[in-house]
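# Topology and contacts: notes
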Amino acid sequence: MKDLVIIGGGPAGMSAAIAAYENGIKDILILERDSNLGGILQQCIHNGFGLHKFGEELTGPEYAWRYEKKVRELGIEFKLNTMVLDVTEDKVITATNTEDGLFQIKAKAVILAMGCRERSKGALNIAGSRPAGIYSAGTAQKYVNMKGYLPGKNIVILGSGDIGLIMARRMTLEGAKVHAVCELMPYSGGLARNIEQCLNDFGIPLKLSHTIIQIHGKDRVEGVTIAKVDEKRKPIKGSEEYIPCDTILFSVGLLPENELSKTANVTLSPITSGAVVDQDRQTSVEGIFSCGNVLHVHDLVDYVSEEAEIAGKAAVEYINGIQDESVLIPINTDGKIRYTVPQRITKKKDVAVYFRVSNIYKNVIIKVSDGNNTLLTKKKVKVAPGEMESITLKKEIFENVKELYFSLEEK
Amino acid sequence: MYDVTVIGAGVVGGLVARALSKYKLNICILESENDVAMGASKANSAIVHAGFDAKAGTLKAKLNVRGNQMMEEVCKELGVKYKNNGSLVVGFSEEDRAVLGELLERGKANNVEGLRIIEKDELHQMEPNLSDDIICALYAPTGGIVCPYTLTISAVGNAMDNGAELKCNFKVTDIEETENGYRVSSENDSVTTRYIINCAGIYSDEIAKMIGDNSFDIHPRRGEYILLDRENEQIFSHTIFRTPSKMGKGILITPTVHNNLLLGPTSYDMTDKDDKDTTAVGFEAILNSTKETAKSVPINKTITSFCGLRSVGSTGDFIINSPKKGFINVAGIESPGLSSSPAIAEYIEEMLKEDGLELILKPEYNPTRKPYYAFHEASAEEKNAIIKENPAYGRIVCRCEGITEGEIVDAIRRNPQPRDLDGVKRRTRAQMGRCQGGFCGPYVIEILSKELDIPYENITKFGGESLINVEITKGGQSQ
Ligand SMILES: Cc1cc2nc3c(=O)[nH]c(=O)nc-3n(C[C@H](O)[C@H](O)[C@H](O)COP(=O)(O)OP(=O)(O)OC[C@H]3O[C@@H](n4cnc5c(N)ncnc54)[C@H](O)[C@@H]3O)c2cc1C
Ligand SMILES: Cc1cc2nc3c(=O)[nH]c(=O)nc-3n(C[C@H](O)[C@H](O)[C@H](O)COP(=O)(O)OP(=O)(O)OC[C@H]3O[C@@H](n4cnc5c(N)ncnc54)[C@H](O)[C@@H]3O)c2cc1C
């Protein structure tokens, strides 16, 4: 029996563990399948992490190390090379590693912090052959940054997610030529600063409203045919262009890794593909919390750490049986606001609500209402799907409402 | 000098070699690719057909029904996944019903057991996710599904365990007659042999031409598929065929033995025997047909798409004959070739016996082979026992399919040895899940590199020039 078991030793898992420890629960175990703590940050050797949290620009490993050092100093227990295979509703965790074999642990509370994975090329049904030389951007990042191998020299990237942008720069620095980054949508899903620093600074063309329609090559990729797409995202005849290349990188989205949440019967949101949670990041299953990229995909690790602290603290309250005055207020969205996290409020205390929009909108008002009356508004010059937004709701605001509505109006 | 040389390590060549390996014979299998099961045997519908399609009296009809009867036992011996899930040919109209009636009669003439026409109510109880527009079906309880590439791999492996030799990267380019047999050559190697069994799939006509047999041609017919992710609850348990029409057998929906859902194949006649491209037109055809057949199919669960080439022979039937002493063609083995494969092997055994080849049973012959170990299917006790025995089974490498390092190492050490990423994939399912190797690929390369003593950067996806990494980075060093 453990008080708290945390699944995943990335930034989310480590922050949650530290927050729980500092709030009084010491009997904690982190289970991590990799041979190191740090999660995906281990392979993000570029800088830009921690601006928000520490006010400095750290590399991924530096950022992760700050947390790992703390975990070690506090003596929080962790097991590496340990894969969690199953979590039940009553918080029995089954895991395996080479030393303990297959083992089970019961926990009073569980924090799910398994991160996310990349959507693979296979999901896209792109016509053509299936040669070597096709990678997801994160896999290429692993080869280059962790293994010391270059997967190719002439690159076309599909998808302008942040990992794709970062890899465009990384491959260029390693002496490869990135011929184009094609993006299906009329806008990039990546951070504006990454487009500036990773593409523009290196003269790499970003082709918006473009996609790869055919892959060529027998053993190894020999080229791609790209085409412009119309508003329905269908290729436009006559706009085809052949680009010779030996490598294609896909950066077409991240998917929260929720296989274990499913085994625990946690309710998932079809929009985020992560758990449905309250302000404490507690899922539909009491005592099971979720945070970080497994809950919803974040663009900045700083927010991951922040969210994990919320979950860590709340897990302590749960273990100690502390109850706030309870309410049940679902938060609805209008589609232009794609989703919010949390999706519902269950306690009367101030809540920061994070959200993403579904398109690029300019000069907008974000409105929070109870269905009839506007409770709060916030003006923004520009909002984009690639950048997460947030609004803090004081508890006085929702004291007497049954439901909350988040909507977006263009001026 | 070999007694028998099998050209082509597909399911047919594999099972022929295995059938012959029970006798005191020197057997060699020649394969042009870097691994076995690289042709039609890895990219097909994986259906063990009941046998109602082919016209009575044809080799196709006879060998299909016999192969169907043999398949379960062969799979049990070889440790290959097989499931007798039953097939349904669904009809949308009275015209379809008439065709189903003909198929029923044809099936009876071919001695297919248990065939019957079922009506809407029963049908929708069996398969609630079928479209409401479907009014009846031909039910074939003997229809099944099998894992075609593990069948091929295990057949070749079992033949090798019983003494047969496999030579990969041996593309036969020339055959010369010698005093007591043949000399079979590739660009840089050659073997001599008394008998040749030509199981070269789509290239079997070219092999036949090497000994002057121009009696048939093979042309490729493209078949594309979309594969959906594994689900805990299958939305279809039977194999669902459309009623055949002038346009062909149509696009089916079937569970696989691994609980994925397979949609396809398309059907386009081609000329280029190397063109395994998928097409946008093909994807559309698959999606449209699927929408007609099923109420709903989770297309957003697509994990990959692929294409196989049917070996369409110019005679309309399987071409199994001996145009010259010591040379046997096993050509034009299009569908139901997989279903027929164990029966084809038996048939070849008979032909050789009749030809006077002395077949003396080997006392040490072992027809069985352990299945590839599947950690995720084992019980908790079994898991603990195997981790204690070999800790590498405690380390999960492929997170999507739950495959351990132990399984991968074990697969690399067995016959026939995989030498590339795809080879490990077909044997263990590592890289076959929803992330398609994005996560475990780099680790599988590490294991292959260590086990085979090949530098990391020289590991390929499927042999030839299919390198994964092209060079060491500025700061990197070879592992
Ligand atoms: C290429 C790339 C570039 C990025 N660039 C930036 C940037 O410039 N700036 C920035 O601020 N942020 C950036 N990010 C985002 C940041 O890295 C992530 O937000 C952060 O790593 C998410 O933390 P996490 O703990 O939720 O997930 P992860 O870091 O993915 O950690 C999850 C951990 O859980 C483990 N795990 C999963 N399943 C199991 C299981 N069943 N059993 C045991 N362990 C398990 C995993 O091994 C992993 O270690 C980038 C991300 C990527 C991928
Ligand atoms: C789209 C499609 C769907 C199908 N569906 C079904 C089904 O559901 N049920 C069913 O029963 N059947 C089905 N079939 C048929 C079945 O897949 C084939 O009949 C079977 O796989 C043929 O096996 P094979 O060993 O003859 O050919 P292959 O598997 O093609 O093997 C031939 C081998 O010969 C090698 N080779 C070729 N040339 C040379 C050379 N010069 N030197 C050395 N080696 C050479 C090739 O590399 C290859 O490995 C389908 C086929 C296709 C294409």
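Throughout this description, residue numbers start from 1 for each chain and increase along the sequence as written. Ligands are numbered from 1 and chains lettered from A, in the order in which they are written. Only residues with pLDDT of 70 or above have their local features reported here, since the model is predicted, and side-chain atom pairs are shown and tallied only from 80 upward, although totals for entire chains, interfaces and linings are computed over all residues. The basis for every side-chain value is the complete set of heavy atoms in the structure, and neither hydrogens nor water enter the calculation.

Here, nonpolar core refers to any group of buried Ala, Val, Leu, Ile, Met, Phe, Trp, Tyr and Cys residues whose side-chain atoms link them within 4.5 Å. Burial here depends on accessible area, computed with a 1.4 Å probe over protein chains only, as a share of the maximum for the residue type. Under 20% is buried, over 50% is exposed, and the range in between is partly exposed. Core analysis: the biggest nonpolar cluster contains 74 residues, and Leu151, Ile197, Ile320, Val330, Ile344 and Ile348 of chain B have the highest contact counts within it. In this text, helices come from DSSP runs of H or I with a minimum length of four residues, and strands from runs of E with a minimum of two, each type numbered from the N-terminal end. No other element matches the eight residues that helix α2 (residues 59-78) of chain B contributes to this core. In this structure Ile344 of chain B touches Val12, Leu63, Phe318, Ile320, Val330, Ile333 and Gly337 of chain B, once residues within four positions along its chain are discounted. Formed by 44 residues, the second largest nonpolar core is a distinct cluster that contains Ala140, Val181 and Ile204 of chain A together with Val397 of chain B. Residues count as neighbours in contact if any of their non-hydrogen atoms are within 4.5 Å of one another.

This part covers unusual backbone geometry. Here Gly264 of chain B and Pro265 of chain B are connected by a cis peptide whose omega angle stands at -5°. Of note, Pro265 of chain B is situated in the loop between β16 (261-264) and β17 (268-269). A cis amide bond links Asn415 of chain B to the next residue, Pro416 of chain B, at an omega of -15°. Positive phi values are uncommon outside glycine, yet Lys91 of chain A reaches one of about 65°. Within the secondary structure layout, Lys91 of chain A lies in the loop between β6 (83-87) and β7 (92-97). The exposure class assigned to Lys91 of chain A is buried, which follows from its relative accessible area of 9%.

Another aspect to go through is the sheet that holds strand β16 (residues 210-216) of chain A. Residues and elements named next belong to chain A. Note: two strands are recorded as paired if DSSP finds a minimum of 2 bridges between them. On the basis of which strands lie adjacent, the open sheet formed by four strands has the order β10-β16-β17-β18 and mixed pairing. Taken across any chain shown, the strands that pair with only one partner, and hence form the sheet edges, are β10 (127-128) and β18 (241-244). As defined by bridge partners, β10 adjoins β16 across two bridges and the pair is classed as parallel. Within β16, the residue paired with Ala127 across the bridge is Gln214.

All names here are of chain B. Boundaries of every domain are those given by an automatic assignment or by a domain database. Partitioning chain B into structural domains gives domain 1 (2-41 + 149-218 + 315-354), domain 2 (81-146 + 219-311) and domain 3 (380-458). For domain 1 and domain 3, the distance between their C-alpha centres works out to 30 Å. Counting residues at the interface gives 13 residues for domain 1, matched by nine residues for domain 3. The term buried area means the drop in 1.4 Å probe accessible area that two parts suffer when joined, counted for both and summed. With both sides pooled, the region where domain 1 packs onto domain 3 buries about 930 Å², and carbon together with sulfur makes up 53% of that total. In the sections that follow, a salt bridge refers to a side-chain nitrogen of Lys or Arg positioned within 4 Å of a carboxyl oxygen of Asp or Glu. For the pair domain 1 and domain 3, the interface holds two salt bridges. Measuring nitrogen to oxygen at the nearest pair gives 3.1 Å for the salt bridge that ties Asp35 to Arg426. In protein, a polar contact means a hydrogen-donor-capable atom and an acceptor-capable atom, both N or O and within 3.5 Å, with residues adjacent in sequence counting only if both atoms are side-chain atoms; elsewhere, any N or O pair within 3.5 Å suffices. Between domain 1 and domain 3 we count four residue pairs in polar contact (both at pLDDT 80 or more) in total. Here the side of domain 1 that touches domain 3 takes seven residues from helix α5 (residues 148-161), the largest share from any one element. Among the residues forming the side of domain 1 that touches domain 3, the class breakdown is eight nonpolar, three polar and two charged. Ten residues, namely Ala, Val, Leu, Ile, Met, Phe, Trp, Tyr, Cys and Pro, are considered nonpolar, four, namely Asp, Glu, Lys and Arg, are considered charged, and the remaining ones, Gly among them, are considered polar.

The next point concerns the site of ligand 1. Residues and elements named next belong to chain A. Residues in contact with ligand 1 amount to 32 residues; listed here are only the nearest, Ala12, Glu32, Ile40, Asn293 and Val301. In the model, an oxygen atom of ligand 1 is placed 2.9 Å from a nitrogen or oxygen of the Ile40 main chain. Asn293 is positioned such that a nitrogen or oxygen atom in its backbone is 2.8 Å from an oxygen atom of ligand 1. At the level of secondary structure, the elements contributing two or more residues to the shell around ligand 1 comprise α1 (11-22), β3 (47-49), β6 and α8 (301-319). For the shell around ligand 1, the element with the highest residue contribution is α8, accounting for three residues. Each of two domains, domain 1 (1-117 + 254-323) and domain 2 (120-252), supplies a minimum of three residues to the shell around ligand 1. Distances are taken per atom, and a residue is near a molecule or strand as soon as one of its heavy atoms is within 4 Å of it.

The next point concerns the pattern of salt bridges. For the structure on display, the rule yields 58 salt bridges over all chains. Lys70 of chain A is paired through a salt bridge with Glu22 of chain A; the nearest N and O atoms lie 2.9 Å apart. Residue Lys70 of chain A is found in helix α3 (residues 60-74), and its partner Glu22 of chain A is found in helix α1; the two are separated by 48 residues along the sequence. A salt bridge links Lys367 of chain A to Glu409 of chain A, with the shortest nitrogen-to-oxygen separation between them at 3.3 Å. Separated by 42 residues along the polypeptide, Lys367 of chain A in strand β26 (residues 361-369) and Glu409 of chain A in strand β29 (residues 404-410) bring together distant segments of the chain. Assessed through its relative accessible area of 38%, Glu409 of chain A is described here as partly exposed. One salt-bridge network, in which partners are shared between bridges, spans Arg33, Arg117, Glu257 and Glu259 of chain A together with Asp229, Arg399 and Arg434 of chain B.

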